[in-house]
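So the chains spell out like this:
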Amino acid sequence: MNELTPRSAEQDTAVRHDELSPANLTGPELASIGLTPDDLTPELLAALEETRQLLAVAQLPEPPAGLVHRWHAALDELPMPVAADPSFPADDQRCSPRARRPAGRRSVRWGSGLLAMAAAAAVVALALPGAAVNPAEHAAAPGTPAAPTTQALTSKDLPVGGQDYGPLADPARRAGCLARAGAAELSVLGARQVSWSGRPAVLLVLPTEVPGQLRMLVVSPDCGPGGAEVLADLPVGR
Amino acid sequence: MTRTDAELLRAHLAGDRAAFHELTSRYQSLLWNFAQYWLRCREDAEEAVQDTLTRAHQAAASCRADDSIRAWLVQILKNICIDRLRHNRSRPAEPVPGEVLEQLPAPGNPIADHELRMDVRAALAELPEHQRMVLWLVEVHGFRVSEVAELLGIAVGTVKSRGTRGRIRMNQILSPGRPLQPATEER
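In this text, all values refer to a predicted model and were calculated from it rather than measured experimentally.

Details of the overall build of chain B
Each helix and strand counted, chain B has eight helices and zero strands in total. Shown N-terminal to C-terminal, the secondary structure of chain B runs as helices and strands in the order α-α-α-α-α-α-α-α. A sequence separation of at least 24 residues applies to 60% of the contacts in chain B between residues at least 6 apart.

Spelled out as structure tokens, the structure:
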């Protein structure tokens, strides 16, 4: 075999325990790949260790430079986040994808999302008789979610699965808008361009951490990293 | 002096716009390949990585000391990919079989390293995708088996068997004359 190049700094596990060595597999795990303990000869283990070292010098293909440029350019358009505690993360390379989820809460799954669709449709249809809304009474300050309000929405207005983002079609702008609207970490379940109190707007359906409940966010068309005019922020469902 | 991931994230939260770019550069390759693995569609993968970076950029303050930044990024990407796959159910995917493995390595490598990497990539490309992904994550990127199990939504034992089977298969490809026990079909 050829001479090997050491792992880079980010490939930080050069001397870690070899978790994939057959020597570390249980009997059933060995059997599942057609091996028995008697098959684990020194020659086999040495050969697999050699392969492991070869893999250590493998490099993943890089994304095209133009694509990387686009990603970075989009990041430059975003507002800088505000640190809740500038000491975070406390330890090197430590960060949790679930940090903001309250203990005991489960993430919203698709099954509950379907239930939420039905629940949301019923609640909206019952709670919203279609009365006109005065935007001056219900519009929130930029960047602040509005208080729940009423509007003539029915079940057919729930754009779950829809991707009619209109002016928010650009992912970076949409993300900036969501961040400004206090929904930075949420995936949009659906979107539709609507007319809200006579004004063009974009209706976004977002998940919540409450099973059976969705969040309907209505923002102005100019919503983006620079600011968000939240026209309505409706929890719907149970 | 090279800053750690945590230092870069702290700098980002302190307003250093370049810090997040540097952090992104470390993992964009991983995210890119992972997105293509999940989505099988180059266009969707591009947007998924964009969304991941955007979300991480805005949610950096949520970091806590119980996972790695790399795993955090991949977890965000995975969630985005799952959402996108749900939305795309009615739309046929455009497969990109082996495409990411056919690209040349970055320029500037010594010739021997270049050839070696090409050999390794060629061998990797011959593996079934589920084995290749496990080897990428565990052997190339240093993820722990338990992390890979969580990311891929499979049992730890399955990660081990796929990884070991893949490594055996790679060895057979790279050293065809070596008498190793042939791997059986995936369970």
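So, helix H6 (residues 129–140) of chain B
Residue and element names in this part refer to chain B. Within H6, 10 of the 12 residues are buried, leaving the element largely enclosed by the surrounding structure. For H6, the full list of buried residues reads Gln 131, Arg 132, Met 133, Val 134, Leu 135, Trp 136, Leu 137, Val 138, Glu 139 and Val 140. Among the residues trailing H6, Gly 142 stands out with phi positive, at a value near 75°.

Things to note about the packing of helix H2 (residues 17–39) of chain B against helix H3 (residues 42–58) of chain B
Residues and elements named next belong to chain B. Close contact between H2 and H3 brings their axes to 9 Å; oriented N to C, the two are set at 140°. The orientation of H2 relative to H3 falls into the category oblique. In this structure, H2 meets H3 at a crossing whose hand is right-handed. In this structure, H2 uses Phe 20, Thr 24, Leu 31, Trp 32, Ala 35, Gln 36 and Leu 39 to contact H3, whose residues at the interface are Arg 42, Asp 44, Ala 45, Ala 48, Val 49, Thr 52, Leu 53 and His 57.

What about the pairing of strand S1 (residues 190–196) of chain A?
All names here are of chain A. When S1 meets strand S2 (residues 199–207), the two strands line up antiparallel, connected through seven bridges. By the bridge assignment for S2, Ala 191 is matched with Leu 204. As consecutive antiparallel partners, S1 and S2 are separated by two residues, and within that stretch Ser 197 has a phi angle of approximately 55°, a positive value.

Considerations on the nonpolar core
Membership of the largest hydrophobic core comes to 88 residues, with the highest contact counts inside it found for Val 219 of chain A together with Ala 35 and Leu 77 of chain B. Broken down by element, the residue count for this core peaks at 10 residues, all from H2 of chain B. Once residues within four sequence positions are removed from consideration, Ala 35 of chain B is found in contact with Ala 45, Ala 48, Val 49, Leu 77 and Cys 81 of chain B.

With respect to the environment of Glu 22 of chain B
All names here are of chain B. Residue position: Glu 22 is located in helix H2. Note on Glu 22: 16 C-beta atoms within 10 Å, which makes it partly exposed. Spatially, the C-alpha atoms of Glu 22 and Asp 5 are 9.0 Å apart, while their sequence positions differ by 17 residues.

With respect to the environment of Pro 22 of chain A
Checked against the element boundaries, Pro 22 of chain A lands in the segment before helix H1 (27–32). Since 24 C-beta atoms lie within 10 Å of it, Pro 22 of chain A is described here as buried. Between the C-alpha atom of Pro 22 of chain A and that of Leu 45 of chain A, which follows or precedes it by 23 residues, the distance is 7.6 Å. The contacts of Pro 22 of chain A, once residues within four sequence positions are left out, are Leu 30, Leu 35, Leu 40 and Leu 48 of chain A together with Thr 164 of chain B.

Quick notes on the environment of Asp 5 of chain B
Residue and element names in this part refer to chain B. Topologically, Asp 5 is positioned in helix H1 (residues 5–13). Take Asp 5: there are 23 C-beta atoms within 10 Å of it, and that puts it in the buried class. C-alpha of Asp 5 to C-alpha of Ser 68: the two residues are 63 residues apart in sequence and 9.1 Å apart in space.

Things to note about the packing of helix H7 (residues 145–152) of chain B against helix H8 (residues 156–174) of chain B
All names here are of chain B. Following both chains from N to C, one finds H7 and H8 inclined at 105°, their axes separated by 8 Å at the closest point. In terms of axis orientation, H7 runs roughly perpendicular to H8. Residues Val 145, Ser 146, Val 148 and Ala 149 of H7 touch H8, and the partners they reach there are Val 156, Val 159 and Lys 160.

Focus on H2 of chain B
Where H2 of chain B bends most, the angle comes to about 50°, and this point is Tyr 27 of chain B. Note on H2 of chain B: the residue one or two positions beyond its end, Arg 40 of chain B, has a positive phi of about 60°.

About the cut-offs
- Residues numbered from 1 in each chain as written.
- Chains lettered and ligands numbered in written order.
- Predicted model: local features only at pLDDT ≥ 70, side-chain atom pairs only at ≥ 80, totals over all residues.
- Helix = DSSP H or I, 4+ residues; strand = E, 2+ residues; numbered from the N terminus.
- Contact = placed C-beta atoms within 7 Å.
- Buried ≥ 20, exposed ≤ 12 C-beta atoms within 10 Å, placed from the backbone.
- Axes fitted to C-alpha atoms, helices over the stretch in contact; angles between N-to-C directions.
- Parallel < 35°, antiparallel > 145°, perpendicular 65-115°, else oblique.
- Left-handed = near helix turned anticlockwise from the far one by under 90°.
- Pairing = 2+ DSSP bridges.
- Core = buried A, V, L, I, M, F, W, Y, C linked by C-beta atoms within 7 Å.
- Bend = angle between axes of the 7 residues up to and from the residue.

Everything listed here is a matter of coordinates, which is why it stays silent on function.
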